[in-house]
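Residue strings, one per chain:
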Amino acid sequence: MSVRPVVIYGEPVLHRRAEAVTEFDDALRELIEDMYATMDAANGVGLAAPQIGVGLRIFTYEMANDDGVPHRGVVINPVVTTSGKPSEDPDPHDDAEGCLSVPGESFPLVRPLRAHVIGQDVEGNRLEWDATGWFARCMQHEYDHLNGTLYVDRLEGRWARKGKRMLKANGWNVPGLTWMPGVDADPFGHDDVDADGDVEIVEGARGSDQVTVPEGGETERR
C-alpha cells in the first residue's frame, strides 16, 4: 500500500461527479488500501477517492458511532439520503467542519442529523445502514465529494463569504495543488509538539475528513 498526495480545492477531479465502480478486482483492492493508508497518514476520519485524484465513487472512513456500524470501512457506489436540514444557524464550534482537500481550515455548517447509506463493499456485496450525529455528517461529507461538492461549497451567508476570501487568500481554486500526508507538516496540527515533547492535539469538532484548526501547514504544486 502507498500513501498518495491529497489534492486541494481547485483540482478538477474534486469538482465533477465521480464514475461508478464496475470492476471489483485486485486493482480496486489496491486502490482502497492506498486510500486507507492515506487517510491514516493524514489523521483523517474519511477520504473520498477524488481526494487522491481518482474519479471513482468510493470513500473510506474511520469513526466511532452509536449506530452499530463498523468503525472503519469502505463504501463503494454509495447512495446517501437524509432527513430535512435543521433550520437553525450553524454553531461556530459545535458545527465546525473541515476537509483534507481544504487543509488547515474549518467553517461551521449545518447538516441533517440522520443519513441513510446504501452501497457496496470491496467484494460487491450490499451495505446498508442508518447513521446519526457526527457519523451522519461524515457520510454526507464524503458522499458530497463523489458528486463534485466540497463542504465550503455549501457554506451560507457570512460563512460563505469568509470561505471565498479564504480560498483566494490561500491561492486555491486552481489546479495542480497537493499536500503529502506523512511528509508535509500536518495542516491540522497533529504533529505539533509542545514544550514537554508531547503531541499537542489542537481542539476542534470531529466529523468529516478532519476538522482541527492550527496555524500553518504548507501546500505544494505538483
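The structure reproduced in this document is the subject of the present report.

## Let's talk about the environment of Gly10
Tracing the backbone shows Gly10 in the loop between strand S1 (6–7) and helix H1 (26–41). By relative accessible area, Gly10 is classed as buried at 12%. The spacing of Gly10 and Val102 is 92 residues in sequence and 9.7 Å in space, taken between C-alpha atoms. Ignoring sequence-local partners within four residues, the contact set of Gly10 consists of His15, Asn173, Val174 and Pro175.

## Considering the pairing of strand S6 (residues 102–108)
For S6, the buried fraction is high: six of the seven residues fall into the buried class. Inspection of the sheet shows strand S5 (residues 96–99) paired to S6 by three bridges, in the antiparallel sense. Bridging from a neighbouring strand, Ala96 pairs with Pro108 of S6. Joining the antiparallel neighbours S5 and S6 is a turn of two residues.

## So, the packing of aromatic side chains
One pass over the structure, following the stated rule, counts three aromatic pairs. Arranged with centres 6.1 Å apart and planes meeting at 70°, the rings of Tyr61 and Trp129 form a pair that is edge-to-face. Linking Tyr61 in strand S3 (residues 58–62) with Trp129 in strand S8 (residues 126–132), this pair joins segments that are 68 residues apart in sequence. Residue Tyr61 shares its accessibility class with Trp129, and that shared class is buried. Ring pairing ties together the aromatic residues Tyr61, Trp129 and Phe135, which thus form one cluster. Arg137 extends its terminal NZ or CZ atom over the ring of Trp134, reaching a point 4.4 Å from the ring centre.

Conventions used here
- Residues numbered from 1 in each chain as written.
- Predicted model: local features only at pLDDT ≥ 70, side-chain atom pairs only at ≥ 80, totals over all residues.
- Heavy atoms only, no water.
- Helix = DSSP H or I, 4+ residues; strand = E, 2+ residues; numbered from the N terminus.
- Buried < 20%, exposed > 50% of the residue type's maximum accessible area, 1.4 Å probe, protein only.
- Contact = heavy atoms within 4.5 Å.
- Pairing = 2+ DSSP bridges.
- Phe/Tyr/Trp six-rings, centres within 6.5 Å; stacked < 30°, edge-to-face > 60°.
- Lys NZ or Arg CZ within 6 Å of the ring centre and 35° of its normal.

Keep in mind these numbers describe shape, not what the thing actually does.
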